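Architecture and fold: a report
So you can see what is in the structure, the chains are spelled out below.
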Amino acid sequence: MAETLMLPATTDRRALYESLLPQVEALLAGESDQIANLANMAAALKEAFDFFWVGFYLVKDGQLVLGPFQGPIACTRIAFSKGVCGAAYSRRETIVVPDVEQFPGHIACSSASRSEIVVPVFDPQGNVTMVLDVDSDQLDDFSDVDAEWLERLVTLIR
């Protein structure tokens, strides 16, 4: 795959995801190192959508530990019972938060974050092995379209 994404000149998220998915699939297909793949997926999402923060928290030692990401520095460790990431892990479902100030127990890694979506990533046995966390500096920036396509993208992680 080329080192540059080929994205349509549109702000339509569905069209951007439709273009991005096969490119990320091709990018990850030739690489077996999970950290490299997570880093490239985070970079591709950041480049395609210019989200405030995009990254992964991996399940390690009974908590979520910061993995590859794009954006400002972030919280390093998150308990399974804390914040949006912990809730997505515990509930085993994607959580869309239109206004992080209204989410009970939200962890403010950055005061610039206004809305958030967190997608759990499952291994073949159905265990949550990590979560994809995407933050926006805009209120109500995520929709069912983002949830649908981010859930598709994380299935590419091996």
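Scroll up for the structure.
A brief report on the enclosed structure follows.

Here is what the cut-offs are and how they apply
- Residues numbered from 1 in each chain as written.
- Predicted model: local features only at pLDDT ≥ 70, side-chain atom pairs only at ≥ 80, totals over all residues.
- Heavy atoms only, no water.
- Salt bridge = Lys/Arg side-chain N within 4 Å of Asp/Glu carboxyl O.
- Helix = DSSP H or I, 4+ residues; strand = E, 2+ residues; numbered from the N terminus.
- Buried < 20%, exposed > 50% of the residue type's maximum accessible area, 1.4 Å probe, protein only.
- Pairing = 2+ DSSP bridges.
- Axes fitted to C-alpha atoms, helices over the stretch in contact; angles between N-to-C directions.
- Parallel < 35°, antiparallel > 145°, perpendicular 65-115°, else oblique.
- Left-handed = near helix turned anticlockwise from the far one by under 90°.
- Contact = heavy atoms within 4.5 Å.
- Nonpolar A, V, L, I, M, F, W, Y, C, P; charged D, E, K, R; others polar.
- Phe/Tyr/Trp six-rings, centres within 6.5 Å; stacked < 30°, edge-to-face > 60°.

Oppositely charged side chains can pair when the atoms bearing their charge come close. Taken as a whole, this structure holds five salt bridges when the rule is applied. Residues Asp141 and Arg13 are paired through a salt bridge, measuring 2.9 Å at the closest nitrogen-oxygen approach. Of the two residues, Asp141 is situated in the loop between β6 (128–136) and α4 (144–154) and Arg13 in helix α1 (residues 13–29); the sequence distance between them amounts to 128 residues. Between Arg152 and Glu148 there is a salt bridge; the shortest N-O distance is 3.1 Å. Pair noted here: Arg152 and Glu148 are both in helix α4, with a separation of four residues, about one helical turn.

Now for the pairing of β6. Burial within β6 is extensive, with eight of its nine residues counted as buried. In the sheet, strand β5 (residues 115–122) pairs with β6 via eight bridges, with the strands oriented antiparallel. Paired with Val119 across the two strands is Leu132, which belongs to β6.

With that settled, consider the packing of α1 against helix α2 (residues 34–49). Contact geometry for α1 and α2: axes closest at 11 Å, N-to-C directions at 155°. Comparing the axis directions of α1 and α2 gives the class roughly antiparallel. The element α1 and its partner α2 pack so that their crossing is right-handed. The segment α1 lies against α2, with Arg13, Leu16, Tyr17, Leu20, Val24, Leu27 and Leu28 engaging Asn37, Asn40, Met41, Ala44, Leu45, Ala48 and Phe49. Taken together, the residues that form the contact of α1 with α2 break down as eleven nonpolar, two polar and one charged.

This next bit is on the packing of aromatic side chains. Geometrically, a pair of aromatic rings is defined through the distance of the ring centres and the angle of the planes. Under the criterion given, the structure shown has seven aromatic pairs. Aromatic pair Phe51 and Phe142: ring centres 5.4 Å apart, planes at 50°, arrangement tilted. Taken together, the residues span a long stretch of sequence, with Phe51 in the loop between α2 and β1 (53–60) and Phe142 in the loop between β6 and α4 at a distance of 91 residues. The pair formed by Phe51 and Phe142 is uniform in burial state, with each residue classed as buried. Ring pairing ties together the aromatic residues Tyr17, Phe49, Phe51, Phe142 and Trp149, which thus form one cluster.

Before going further, it helps to examine the packing of α1 against α4. Between α1 and α4, the shortest axis-to-axis distance is 10 Å and the interhelical angle comes to 0°. On the basis of the axis angle, α1 is roughly parallel to α4. Facing Arg13, Arg14, Tyr17, Glu18, Leu20, Leu21 and Val24 of α1, the residues of α4 in contact are Val145, Asp146, Glu148, Trp149, Leu150, Arg152 and Leu153. Looking at the contact of α1 with α4, its residues break down into eight nonpolar, no polar and six charged.

Residues in a regular strand project their side chains so that they alternate between the two faces of the sheet. In terms of burial, β1 is a largely internal element, six of the eight residues being buried. Examined bridge by bridge, β1 and β6 share six bridges and lie antiparallel to one another. Its bridge partner lying in β6, Val54 is registered against Val134. Of the strand pairs in this sheet, β1 and strand β2 (residues 63–70) are connected by six bridges, and their pairing is antiparallel. Pairing of Val59 across the sheet is with Leu64, part of β2. The hairpin formed by β1 and β2 contains two residues between the paired strands, and Asp61 there has a positive phi angle of roughly 50°.

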